[in-house]
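# Understanding the architecture of this molecule
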Amino acid sequence: MRYRTLGKTGLDVSEIVFGGGAVGGLLIRADDDTRRQAVTRALEAGVNWIDTAPMYGEGASEEAIGWLLAERSPSERPHIATKALLNPEAGDLSGQVERSLVESLKRLQMNSVDLLQVHNLIYGERGRGNGLSVDDMLEPVRRGLERVRDAGLTRHVGFTANGEPTALRAVVESGFYETAQVYYNMINPSAGWSAPSNWSGHDFENLIGLCQAKDVGVLVIRALAAGVLATDVRHGREGEIIPKADVESNERKAAMLMAAVGQDEGTRAQIAVRFALSNPGVSGVVVGMAELDHLMQALGAVERGPLPAAALERLRSTVAADFVD
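Residues numbered from 1 in each chain as written. Predicted model: local features only at pLDDT ≥ 70, side-chain atom pairs only at ≥ 80, totals over all residues. Heavy atoms only, no water.

### Remarks on the pairing of strand β5 (residues 79-84)
For β5, the buried fraction is high: six of the six residues fall into the buried class. The alternating pattern of β5 places H79, A81 and K83 and I80, T82 and A84 on opposite faces, both of which are buried. Alignment of strand β4 (residues 49-51) against β5, held across three bridges, turns out to be parallel. Looking across to β5, one finds that D51 is bridged to A81. Examined bridge by bridge, β5 and strand β6 (residues 113-118) share four bridges and lie parallel to one another. Bridge pairing in β6 places T82 opposite L116. (Buried < 20%, exposed > 50% of the residue type's maximum accessible area, 1.4 Å probe, protein only. Helix = DSSP H or I, 4+ residues; strand = E, 2+ residues; numbered from the N terminus. Pairing = 2+ DSSP bridges.)

Below, the structure written as structure tokens:
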């Protein structure tokens, strides 16, 4: 296992982060023995970070992490990151932050976590579903995060960087948030590459580059595009989380990208993870998994390292053509 520094937190994070989310769902749906095996194998391989959230399985992911890590000595336990999904219509955003984290800590059977991340979409102004505005993030939400950090309930604070690109950039540029979970994959690499002029996808405007300049640690999410990049077998949980994207178009683009890379760079899942690790602004890749083999493939991707320059150039050419045959 290799490790990278997570921005200004100063923490060293394994290049593979064990994802406890609903898309992979291993911590939510697998039997207890499989969950135990997966965590054991990950830790033995050097994975030192687990990502979860209260909305993953309605608390089931956090509860599983709680009892799984309670079986291990404190010296064996990895870093834990969880999230808070706030309701802007309910008011008291600062208080919601604290209440969410306190409930998460109960399920995790912990006194504190290493990272708490705000999980709402972010826009310039409030008014879209449960989206938060930049002002929300920099005023009441910030106060709530400062309070739980000062109380020792979390060591560090971050956010999920999804929403309007200009709003996301404003949050990064504020200098308060220490980490960002960034949507970045071969199908939509705009968070790490400057999008071509003819780009038809959602443009994250090289957010990873800005994070790197501001020393904000980047944890990549959706590196496998909810599994579309990894396999042609659908599991029913592939729904997109960004505009201008859908499973059908993702499948078409995935086929073109894998053909561009060729057959010598590992499995499809390994190629997707290796692509994300090829960006020096990335600290770790959050990999969701449904079975033990998915973990082994992710570990194999780390062993092989970033994709070679020639393969990256072929990918860039495919994206620059906007996936035109």
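### Looking at the packing of helix α10 (residues 268-277) against helix α11 (residues 292-304)
With their axes 8 Å apart at the nearest point, α10 and α11 run at an angle of 50 degrees to one another. On the basis of their axis angle, the class for α10 and α11 is oblique. Once α10 is placed against α11, the crossing between them reads as right-handed. Here A269, Q270, V273, R274 and L277 of α10 come into contact with α11, specifically with Q297, G300, A301, V302 and R304. (Axes fitted to C-alpha atoms, helices over the stretch in contact; angles between N-to-C directions. Parallel < 35°, antiparallel > 145°, perpendicular 65-115°, else oblique. Left-handed = near helix turned anticlockwise from the far one by under 90°. Contact = heavy atoms within 4.5 Å.)

### Observations regarding the packing of helix α4 (residues 93-108) against helix α6 (residues 140-150)
Their axes nearest at 7 Å, the elements α4 and α6 cross at an angle of 40 degrees. The angle between α4 and α6 falls in the class oblique. Considering the relative orientation of α4 and α6, their crossing is right-handed. Taking contact as the criterion, the partners of L93, S94, G95, V97, E98 and L101 in α4 are, on α6, P140, V141, R143, G144, L145, R147 and V148. Here the residues of the contact of α4 with α6 are counted per class, giving seven nonpolar, three polar and three charged. (Nonpolar A, V, L, I, M, F, W, Y, C, P; charged D, E, K, R; others polar.)

### Regarding the pattern of salt bridges
When their charged atoms lie close together, side chains carrying opposite charge are able to pair. Enumeration over the complete set of coordinates arrives at 17 salt bridges. Among the ionic pairs, D114 bridges to R155, the shortest N-O distance being 3.1 Å. A residue pair is termed long-range when its members are at least 10 positions apart, and D114 in strand β6 and R155 in strand β9 (residues 154-161) qualify at 41 residues. Judged by its relative accessible area of 12%, D114 falls in the buried class. A single salt-bridge network, built from bridges that share partners, covers R2, R4 and E15. (Salt bridge = Lys/Arg side-chain N within 4 Å of Asp/Glu carboxyl O.)

### Some remarks on the nonpolar core
By size, the foremost hydrophobic cluster in this structure holds 94 residues, and its most contacted members are F18, V141, F159 and M186. No other element matches the seven residues that α10 contributes to this core. Of all hydrophobic cores here, the second largest spans 10 residues; its members include V13, V17, L115 and I221. (Core = buried A, V, L, I, M, F, W, Y, C linked by side-chain atoms within 4.5 Å.)

### As for the sheet that holds β9
Spatially, eight strands are ordered β3-β4-β5-β6-β9-β10-β11-β12 in a closed barrel, and the strand pairing comes out parallel. The sheet shows a mean angle of 30 degrees between the axes of neighbouring strands, taken without regard to direction. Across two bridges, the pairing between strand β11 (residues 217-221) and strand β12 (residues 284-288) is parallel. If you follow L219 over to β12, its bridge partner there is G284. Along the sheet, α4 makes contact with β5, β6 and β9, crossing β5 at roughly 140 degrees. Packed onto the sheet, α6 meets β6 and β9 and runs at close to 150 degrees relative to β9.

### With respect to the packing of aromatic side chains
Tallied over the full model, the rule gives five aromatic pairs. Ring centres 4.9 Å apart and planes at 85 degrees place the aromatic pair F176 and Y177 in the edge-to-face group. Residue classification places F176 among the buried residues on the basis of a relative accessible area of 7%. Y177 gets classed as buried once you look at its relative accessible area, which sits at 1%. Geometry around W193 places R316 over its ring, the cationic atom sitting 4.2 Å from the centre. (Phe/Tyr/Trp six-rings, centres within 6.5 Å; stacked < 30°, edge-to-face > 60°. Lys NZ or Arg CZ within 6 Å of the ring centre and 35° of its normal.)

### So, unusual backbone geometry
Residue Q109 is not a glycine yet carries a positive backbone phi of 60 degrees. Within the secondary structure layout, Q109 lies in the loop between α4 and β6. In this structure, R222 takes a positive phi of about 60 degrees despite not being glycine. Note on placement: R222 falls in the loop between β11 and α9 (247-261).

### Observations concerning α11
Spanning 13 residues, α11 covers 19 Å between terminal C-alpha atoms, matching the ideal 18 Å at 1.5 Å per step. Listing the buried residues of α11 in full gives L292, L295, Q297, A298, L299, G300, A301 and V302. Against β3 (16-19), α1 (26-29), α2 (32-44), α10 and β12 lie the buried residues of α11. Residue G305 follows α11 closely and has a positive phi angle near 85 degrees. (Expected span 1.5 Å × (residues − 1).)

So far we have only geometry, and geometry alone does not tell us how the molecule works.
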